[in-house]
Amino acid sequence: MTTTRTHHRSATVKGHKIFYREAGDPSAPTILLLHGLPTSSQMFRDLMPLLSDRFHLIAPDYVGFGHSDALSRDAFTYSFDSLASHVAGLIEVLKLDSYILYMQDYGGPIGFRLFTRAPERVRGFIIQNANAYIEGVGDAPKKVLLPLWENRTPETEKAAREFVSLEGTKFQWLVGASDPEAINPDNWILDQALLDRPGTQDYQIDLLENYKTNVALYPEWQASFRAHRPKTLIVWGKHDPFFIPPGARAYLNDLPDAKLVWLDAGHFVLDENAPQVAAEIKAVFVPEANSAAG
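All values derive from a computational prediction rather than experimental measurement. (Residues numbered from 1 in each chain as written. Predicted model: local features only at pLDDT ≥ 70, side-chain atom pairs only at ≥ 80, totals over all residues. Heavy atoms only, no water.)

Section: the overall build of the protein
The helix and strand inventory of the protein stands at 11 helices and 8 strands. For a compact globule of 294 residues, the expected C-alpha radius of gyration is about 19 Å, and the protein comes in at 18 Å, within 12% of that figure. If you line up the protein on its principal axes, its C-alpha atoms span 60 × 40 × 40 Å. Total accessible area computed for the protein in this model is approximately 11,800 Å², and 51% of it derives from carbon and sulfur atoms. Of the side-chain charges in the protein, 28 are positive and 36 negative, and the distance between the mean point of each set is 4 Å. (Helix = DSSP H or I, 4+ residues; strand = E, 2+ residues; numbered from the N terminus. Rg over C-alpha atoms; globule rule 2.2 N^0.38 Å. Areas by Shrake-Rupley, 256 points an atom, 1.4 Å probe, with all protein chains shown as cover. Lys, Arg positive; Asp, Glu negative; His and termini not counted. Charge placed at Lys NZ, Arg CZ, Asp CG, Glu CD.)

Notes on the nonpolar core
Counting residues in each nonpolar core, the largest one holds 60 residues, and the members touching the most others are Leu101, Phe125, Phe225 and Tyr251. The residues contacting Leu101, other than those within four sequence positions of it, are Leu32, Leu34, Gly111, Leu114, Phe115, Val122, Gly124, Phe125 and Ile126. With 32 residues, the next largest nonpolar core counts Ile100, Tyr102, Leu263 and Phe268 among its residues. (Core = buried A, V, L, I, M, F, W, Y, C linked by side-chain atoms within 4.5 Å. Buried < 20%, exposed > 50% of the residue type's maximum accessible area, 1.4 Å probe, protein only. Contact = heavy atoms within 4.5 Å.)

Digging into unusual backbone geometry
Between Leu37 and the following residue, Pro38, the backbone shows a cis peptide bond with an omega angle of 10 degrees. If you trace the backbone, Pro38 turns up in the loop between strand 3 (30–34) and helix 1 (48–51). Even without being a glycine, Lys14 presents a positive backbone phi close to 55 degrees. Structurally, Lys14 can be placed in the loop between strand 1 (7–13) and strand 2 (16–23). In this structure Lys14 comes out as exposed when scored by relative accessible area, which is 53%.

Thoughts on the pairing of strand 3
Burial analysis of strand 3 places 5 of its 5 residues in the buried class, which makes it a mostly covered element. Both faces of strand 3 are covered, namely the face carrying Thr30, Leu32 and Leu34 and the face carrying Ile31 and Leu33. Where strand 3 lies against strand 4 (residues 56–60), 3 bridges are found, and the strand directions are parallel. Within strand 4, the position partnered with Ile31 by the bridge is Leu57. Pairing geometry for strand 3 and strand 5 (residues 99–103), over 4 bridges, is parallel. Looking at the pairing, Leu34 lines up with Met103 of strand 5. (Pairing = 2+ DSSP bridges.)

Regarding the packing of helix 4 (residues 139–150) against helix 5 (residues 154–163)
It is at 8 Å that the axes of helix 4 and helix 5 come closest, and there the two elements cross at 140 degrees. Compared by their axis directions, helix 4 and helix 5 come out oblique. At the point where helix 4 passes helix 5, the crossing takes the left-handed sense. Here helix 4 contributes Val144, Pro147 and Leu148 to the contact with helix 5, which in turn contributes Thr156, Glu157, Ala159, Ala160 and Phe163. (Axes fitted to C-alpha atoms, helices over the stretch in contact; angles between N-to-C directions. Parallel < 35°, antiparallel > 145°, perpendicular 65-115°, else oblique. Left-handed = near helix turned anticlockwise from the far one by under 90°.)

Re the confidence of the model for the protein
Looking at the protein, the pLDDT average stands at 95 and 96% of residues meet or exceed 70. The least confident element of the protein is helix 11 (residues 270–293), whose mean pLDDT is 84; the most confident is strand 5, at 99. (pLDDT = per-residue confidence, 0-100.)

Notes on the pattern of salt bridges
Think of it this way: side chains of opposite charge can pair up when their charged atoms draw near. Summed over the entire model, instances satisfying the criterion amount to 14 salt bridges. Note that Asp206 is salt-bridged to Arg73, the shortest N-O span being 2.7 Å. Of the two residues, Asp206 is situated in helix 8 (residues 200–210) and Arg73 in the loop between strand 4 and helix 2 (80–93); the sequence distance between them amounts to 133 residues. Residue Arg161 pairs with Asp202 through a salt bridge whose shortest N-O separation is 2.9 Å. A residue pair is termed long-range when its members are at least 10 positions apart, and Arg161 in helix 5 and Asp202 in helix 8 qualify at 41 residues. Residue Arg161 is classed as partly exposed on the basis of its relative accessible area of 28%. Under the relative-accessibility criterion, Asp202 is labelled partly exposed at 29%. (Salt bridge = Lys/Arg side-chain N within 4 Å of Asp/Glu carboxyl O.)

Things to note about helix 2
The terminal C-alpha atoms of helix 2 lie 20 Å apart, and with 14 residues this matches the ideal 20 Å at 1.5 Å per residue to within 8%. The set of residues buried in helix 2 consists of Phe80, Ser82, Leu83, Ala84, His86, Val87, Gly89, Leu90 and Ile91. Downstream of helix 2 by one or two residues, Lys95 has phi in the positive range, about 55 degrees. (Expected span 1.5 Å × (residues − 1).)

Remarks on the packing of aromatic side chains
Remark: the centre distance and the inter-plane angle together describe each pair of aromatic rings, the angle taken between the planes. On inspection of all chains with the given rule, the structure shows 22 aromatic pairs. On the basis of an interplanar angle of 35 degrees and a centroid distance of 6.3 Å, the ring pair of Phe115 and Phe225 is categorised as tilted. With Phe115 in helix 3 (residues 107–117) and Phe225 in helix 9 (residues 212–228), this pair connects stretches of sequence that are 110 residues apart. The same class applies to Phe115 and to Phe225, which are both buried. The exposure class assigned to Phe225 is buried, which follows from its relative accessible area of 0%. Pairwise contacts between aromatic rings join Phe112, Phe115, Phe125, Tyr133, Tyr218, Trp221, Phe225 and Tyr251 into one cluster. (Phe/Tyr/Trp six-rings, centres within 6.5 Å; stacked < 30°, edge-to-face > 60°.)

Written out as structure tokens, the structure reads:
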């Protein structure tokens, strides 16, 4: 298998530096890889080389995440609308006319905003533990988020701050793993180093509070799924306590032709399952890639 190296680049979007990883031939179909909390585009570092022989890959860090600009909450409004707007800006800077959306965790609400704004650009979905249905929200996030949404106080922020602590970050990476020793500890150490920057956890709490806007949009997203029926692959860690299996199955009500693959994993799946995920992506989308190449 021929692969190409991953490059580490940045672009200016709305006056802010947006870091992104890029691999593959730009003439091939693009996959836009959208990461979750508490991590960044680094979660895709093992997957990208496995796909770069057939796809053009772009994996950005959102504002405030990874190597992108991390502005104080006084200088930037941390909301999912704002994050999606900057990813949309990067799409314009890079002149991406069409793309497949790979979405995990926060990548879901960001990607589905992109989809509803410009569905004609989206050639398909790869959904990996990213939720769009209320039945997919587990008890664990409800305990953290519902009190915060009802009345944000220092007391209701406590559980959210624990969520982005080292213990919480490590838990998110390890929960549900079939072999915890196969999970690279660099994941939570590097993620936490960024989360512990002054002011970062404050705006992360802003985003957790703002997550309620995503739940409010679920019916709109679902209607868009039914209207446009994008080709869809769902790869789901079945031991995820945050976005639970009913959320994966719910997509099939609106996207009945989707392929659903269960993985013996939790909220994150790629440390243990990157080869299988890459194979599933190629099985669903490579005919399209071959057609584009021809």
